[in-house]
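# A look at the structure
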Amino acid sequence: MSTLVNDQPVTLPRIGDKAPDFKAPTTHGEINFSEWQGQDWVVLFSHPADFTPVCSTELTEFGRRSEEFKKRNTKLIGISIDSVHSHLAWTQNLAKILNVKLPFPLIADLTTDVSRKYGMIHPGESATVTVRALFVIDPKRTVRAIIYYPLNTGRNVDEVIRLLDALQTADKNGVACPVNWKPGDKVIVPPPKTEKEVAARNALQGVQRLDFYLVKKSL
Ligand code: BEZ
């Protein structure tokens, strides 16, 4: 479905697409996204507006958990259609009332240029603010996962970290992660695609074989 915001087209990067590059003002100065990313993973997430309650709980939770993202070579960056002045006033207020200093930049997307590139404005929900969109972007700048939440429900930072762990574990070991997987749990050996692979699969030792297509193993 094609949508216009500010009379300009909105695009929605999909999983597997290259994450759109951009230059934008932030609370850490102007950034060129690809240069700022370097070789790290990125979690790029939008919030509807500064000085709003649910957003205040989300941003400060990302702030509290920022070391856990750092351990996973992941940079956090927030975005909303607010000015740098508003972001600075809000983040100072959050430090005062919730005692959390945000160590990551917030993009001030007054032009909506970045929000439109990432399909963060959903006019059916609101034509004037970004929904709670979250993109996990890998070091090759490929979009690996997308989460959308509406205005009235905060995201789950545990789940964002679990998602990063699952993606990084899957990449490193050539496996997949089952429902409710968490680090330390068994992983899924990808299903065979040929008869030869079925035979090789049947010869695997030390795995939990439920059927030829459903095999789990410990890492
Ligand atoms: C909030 O963060 O509380 C919020 C923001 C926009 C609309 C509704 C709630």
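Because the structure is a prediction, the values reported are computed rather than measured.

Quick notes on the rules
Residues numbered from 1 in each chain as written. Predicted model: local features only at pLDDT ≥ 70, side-chain atom pairs only at ≥ 80, totals over all residues. Heavy atoms only, no water. Near = heavy atom within 4 Å. Polar contact = N/O pair within 3.5 Å; in protein donor to acceptor, adjacent residues only side chain to side chain. Areas by Shrake-Rupley, 256 points an atom, 1.4 Å probe, with all protein chains shown as cover. Helix = DSSP H or I, 4+ residues; strand = E, 2+ residues; numbered from the N terminus. Nonpolar A, V, L, I, M, F, W, Y, C, P; charged D, E, K, R; others polar. Pairing = 2+ DSSP bridges. Axes fitted to C-alpha atoms, helices over the stretch in contact; angles between N-to-C directions. Contact = heavy atoms within 4.5 Å.

On to the site of the ligand. In the vicinity of the ligand, the contacting residues are Pro-48, Thr-52, Pro-53, Val-54, Cys-55, Arg-132 and Leu-151. A distance of 3.0 Å separates an oxygen atom of the ligand from a polar atom in the side chain of Thr-52. Backbone polar atom of Pro-53 to an oxygen atom of the ligand: 3.4 Å apart, as the coordinates give it. Compared with its free state, where it exposes 260 Å², the ligand has 74% of that area covered by protein. For the shell around the ligand, the leading source of residues is helix H2 (residues 53-64), giving three residues. Looking at side-chain class alone, the shell around the ligand contains five nonpolar, one polar and one charged residues.

Once that is clear, we can look at the sheet that holds strand S9 (residues 143-149). Here five strands make up an open sheet; going across it, the order is S7-S6-S5-S8-S9 and the pairing mixed. Here the strands that pair on one side only, and so sit at the sheet edges, are strand S7 (106-108) and S9. Each strand of the sheet is rotated relative to its neighbour by a mean of 20°, with strand direction disregarded. Where strand S5 (residues 41-46) meets strand S6 (residues 74-80), six bridges bridge the pair, whose relative direction is parallel. Looking at the pairing, Phe-45 lines up with Gly-78 of S6. Across the sheet, H2 lies against S5, S6, S7 and strand S8 (132-137), angled at about 20° from S8, the strand it touches most.

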